[in-house]
Amino acid sequence: MGKIFGTNGVRGIINESFTVDMTLDIARAVGTILGPGKIAISRDSRMGGDMFQRAATAGLLSTGCSVIDIGPAPTPTLQFNIPLLGCVGGVVITASHNPPQFNGIKVMGSSGIEVTREIESKIEDVYFSKEFRIADWNEIGSATKDDLALRRYIDAIKSHVDIDLLKKRNLTVVVDGATSVGSLVTPILMRELGCKVVSINSQMDGMFPGRNPEPLPENLRDLSQTVVSVGADLGIAHDGDADRATFVDETGRILWGDQSFAIIAKHVLNKTPGSTLVTPVSSGRLIEDIVDETGATIDWTEVGSVVVSHRVVEINAELGGEENGGVFYPAHQSVRDGAMTAAQIADIMVQENKNLSALVSDLPIYFSTKQKVPVPAEKKDELLDSLLNITKDYETITLDGVKIVFDDGWILCRPSGTEPLWRCFAEAKTQDRANELCDLGVKHINQAISVT
Ligand code: MG
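Below or above, wherever it landed, is the structure these notes cover. As the structure is a prediction and not an experimental result, all values here were calculated from the model. (Residues numbered from 1 in each chain as written. Predicted model: local features only at pLDDT ≥ 70, side-chain atom pairs only at ≥ 80, totals over all residues. Heavy atoms only, no water.)

1. Concerning helix 15 (residues 431–451)
Under the 1.5 Å per step criterion, the end-to-end length of helix 15 is 31 Å for 21 residues, consistent within 8% with the ideal 30 Å. Taken as a whole, helix 15 has its buried residues at Ala434, Leu437, Cys438, Gly441, Val442, His444, Ile445, Ala448 and Ile449. Looking straight down helix 15, one finds that the buried residues subtend no more than 160° of arc, so they occupy a single side. Across helix 15 from its buried face, at more than 90 degrees, point the exposed residues Asp432, Ser450 and Val451. Where the residues of helix 15 are buried, they touch strand 16 (367–374), helix 14 (383–390), strand 18 (402–406), strand 19 (409–415) and strand 20 (421–428). (Helix = DSSP H or I, 4+ residues; strand = E, 2+ residues; numbered from the N terminus. Expected span 1.5 Å × (residues − 1). Buried < 20%, exposed > 50% of the residue type's maximum accessible area, 1.4 Å probe, protein only. Arc of directions from axis to C-beta. Contact = heavy atoms within 4.5 Å.)

2. So, the sheet that holds strand 20
Paired through backbone hydrogen bonds, the strands of a sheet run either parallel or antiparallel to each other. Spatially, 5 strands are ordered 16-20-19-18-17 in an open sheet, and the strand pairing comes out antiparallel. At either end of the open sheet lies a strand with only one pairing partner, and these are strand 16 and strand 17 (395–397). Direction aside, neighbouring strands of the sheet carry axes that sit 20° apart on average. When strand 18 meets strand 19, the two strands line up antiparallel, connected through 5 bridges. The residue bridging phenylalanine 406 from the neighbouring strand is glycine 409, located in strand 19. (Pairing = 2+ DSSP bridges. Axes fitted to C-alpha atoms, helices over the stretch in contact; angles between N-to-C directions.)

3. Brief notes about unusual backbone geometry
Proline 36 follows glycine 35 through a cis peptide bond whose omega is 0°. Non-glycine residue asparagine 15 carries a positive phi angle of around 65°. Within the secondary structure layout, asparagine 15 lies in the loop between strand 1 (10–13) and helix 1 (20–34). Take asparagine 15: its relative accessible area is 54%, and that puts it in the exposed class.

4. Digging into the packing of helix 1 against helix 4 (residues 117–129)
One way to put it is that helix 1 packs onto helix 4 with a least axis distance of 8 Å and a crossing angle of 120°. It follows from the interaxial angle that helix 1 and helix 4 lie oblique. Like other packed secondary-structure pairs, helix 1 and helix 4 cross with a definite hand, here right-handed. From helix 1, Met22, Asp25, Ile26, Ala29, Val30, Thr32, Ile33 and Leu34 reach across to helix 4, where they touch Ile119, Lys122, Ile123, Val126 and Tyr127. Tallied by class, the residues present in the contact of helix 1 with helix 4 amount to 10 nonpolar, 1 polar and 2 charged. (Parallel < 35°, antiparallel > 145°, perpendicular 65-115°, else oblique. Left-handed = near helix turned anticlockwise from the far one by under 90°. Nonpolar A, V, L, I, M, F, W, Y, C, P; charged D, E, K, R; others polar.)

5. Brief notes about the coordination of the magnesium ion
Each protein donor to the magnesium ion is listed here as Ser96 (OG), Asp239 (OD), Asp241 (OD) and Asp243 (OD); together their distances run 2.0 to 2.2 Å. Within one chain, the residues serving as donors to the magnesium ion are arranged as S-x142-D-x1-D-x1-D. Considered together, aspartate 239 and aspartate 243 belong to a single accessibility category, that of buried residues. (Donors = N, O, S within 2.8 Å, 3.2 Å for Na, K, Ca; no water.)

6. Regarding the packing of helix 9 (residues 257–271) against helix 10 (residues 285–293)
It is at 9 Å that the axes of helix 9 and helix 10 come closest, and there the two elements cross at 10°. One finds that helix 9 runs roughly parallel with respect to helix 10. In this structure, helix 9 contributes Asp258, Gln259, Phe261, Ala262, Ala265, Lys266 and Leu269 to the contact, and helix 10 contributes Leu286, Ile287, Ile290, Val291 and Glu293.

7. A short note on the pairing of strand 2 (residues 38–43)
In terms of burial, strand 2 is largely enclosed, as 5 of its 6 residues are buried. One ladder, built from 4 bridges, connects strand 2 with strand 3 (residues 66–69); its direction is parallel. The partner of lysine 38 across the bridge, within strand 3, is serine 66. Of the crossover connections in this fold, the one passing from strand 2 over helix 2 (residues 49–62) to the parallel strand 3 is right-handed. As paired elements, strand 2 and strand 4 (residues 89–93) share 5 bridges and run parallel to each other. What sits directly across from alanine 40, in strand 4, is glycine 90. (Right-handed = clockwise from strand over helix to strand, strands pointing away.)

8. Structural notes on the layout of surface pockets
Volume-wise, the second largest pocket comes out at about 180 Å³. Along the walls of the second largest pocket sit 14 residues, with Asp50, Gln53, Thr57, Asp69 and Lys145 positioned nearest its centre. At the level of elements, strand 2, helix 2, strand 3 and strand 6 (143–145) are the ones that each hand at least two residues to the lining of the second largest pocket. Considering each element in turn, the lining of the second largest pocket owes the most residues, 4 residues, to helix 2. Broken down by class, the residue content of the lining of the second largest pocket amounts to 5 nonpolar, 4 polar and 5 charged. (1 Å grid on protein atoms, 1.4 Å probe; cavity = no way out; pocket = protein on both sides within 12 Å on 5 of 7 lines; lining within 4 Å. Points joined across faces, edges and corners; volume = space filled by probe spheres on them.)

9. Examining helix 5 (residues 149–158)
Regarding helix 5, the residues found buried are Ala149, Tyr153, Ile154, Ala156, Ile157 and Lys158. Buried positions along helix 5 lie against helix 3 (75–84), helix 6 (163–169), helix 7 (186–192), strand 15 (333–336) and helix 12 (338–352).

10. Re empty space enclosed by the protein
Applying the stated rule across the entire model yields 3 cavities of 30 Å³ or more. Estimates place the volume of the largest cavity at around 60 Å³. Lining the largest cavity are His160, Val161, His267, Val268, Lys271, Tyr329, Met340, Gln344, Asp347 and Ile348. Among the secondary structure elements, those contributing two or more residues to the lining of the largest cavity are helix 9 and helix 12. Per element, the largest residue contribution to the lining of the largest cavity is 4 residues, and it comes from helix 12. Tallied by class, the residues present in the lining of the largest cavity amount to 5 nonpolar, 3 polar and 2 charged.

The values reported here are purely geometric and, on their own, carry no functional implication.
Encoded structure:
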């Protein structure tokens with residue numbers, strides 16, 4: 001059967017590769033597999049969000065599911081409310097950090113975590129076979145609204161930080177809401193944590209007039225400048241559906257995602273001796289150093305936030321995280337959560353009584369580089385076996401592509417999910433060594449191409 005789900009839900013260009021008809025049928029398939037029961041629904045600020053949400057609602061109701069509309073909200077807000085509302089699942093209309101012309105759907109199970117690949121493929125089977133459950137006329141579901149979802153979520157986050165201390169310190173914070181749903185939570189949350197809040201890009205606008213919804217350094221210049229010009233202690237930027245947060249220190253410097261993840265990891269892992277941290281093989285030495293320093297254990301996964309969430313639950317880990325700034329704090333919930341991450345960073349700043357640049361300068365420094373290697377489409381999938389053979393004498397982690405581990409660095413070779421190429425990442429203590437390792441990785445990929 002065909003595939004509609006990518007690594008993070010279904011995504012496409014509005015009214016072209018992602019349409020109302022598709023949304024209706026995806027929702028009918030979701031209702032067929034996850035129902036009967038209540039399904040929570042939400043959306044971000046993207047164009048067509050209201051239209052797609054209505055289509056999804058109609059599809060779900062037709063299968064006999066009831067629908068609870070929590071209004072526009074961050075994806076983690078919906079996820080947090082799914083178990084609280086006793087729902088069998090959730091649907092959010094979002095394309096996360098994709099460019100403005102995209103929209104899509106993420107599907108969650110009863111725990112609030114995105115459904116597994118196995119459930120996705122069941123949904124796909126029903127989607128393509130059109131064997132939807134069709135409720136009898138007197139068993140069609142009803143749609144209701146819940147206005148308290150944002151409040152419950154904000155209160156839950158507040159319960160995990162030291163509010164009294166935060167109020168005493170009275171930080172100044174600039175929030176860049178990406179003109180999307182992060183704007184509905186983070187400015188309010190930070191104000192309630194005693195911060196003076198300045199917000200930019202915090203109107204809901206699916207044209208994304210302020211910046212691209214991906215919180216990459218090149219999209220965060222306005223935030224960086226605002227932090228400096230208002231003399232703020234901290235800048236916070238979300239992606240389109242606010243499951244991630246990127247931070248700016250008081251000097252205007254934009255942190256890498258692995259730095260904020262490492263600051264949180266150090267704090268959380270130090271609190272609980274013998275804890276476990278889950279992270280994909282794409283994470284670097286910085287996180288390994290923190291794990292070693294705190295006496296914790298690292299549990300590697302393949303790349304992808306959904307895999308990390310499920311693994312965090314499976315092994316009851318204290319923390320999960322990704323090098324792109326996604327942090328999973330299961331004491332709150334086992335999914336990436338941008339507002340929780342923002343509150344944690346502010347909390348750590350006041351608990352350690354350090355500004356953010358000082359917290360960053362406590363971390364070891366590594367250098368990284370990456371290259372792309374074009375691979376003939378017919379060889380892209382078979383290449384892995386050859387590469388495993390070529391690299392068999394190294395110390396490797398082979399959960400996802402091949403990660404070659406050296407004493408002073410590492411190389412990760414993985415196929416691209418979407419393009420006819422493989423990617424090679426390398427990290428080391430110096431830039432020269434990182435470049436040298438990356439060249440070695442590329443050499444091995446090319447050797448693998450020639451014998452595949
Ligand atoms: Mg996102």
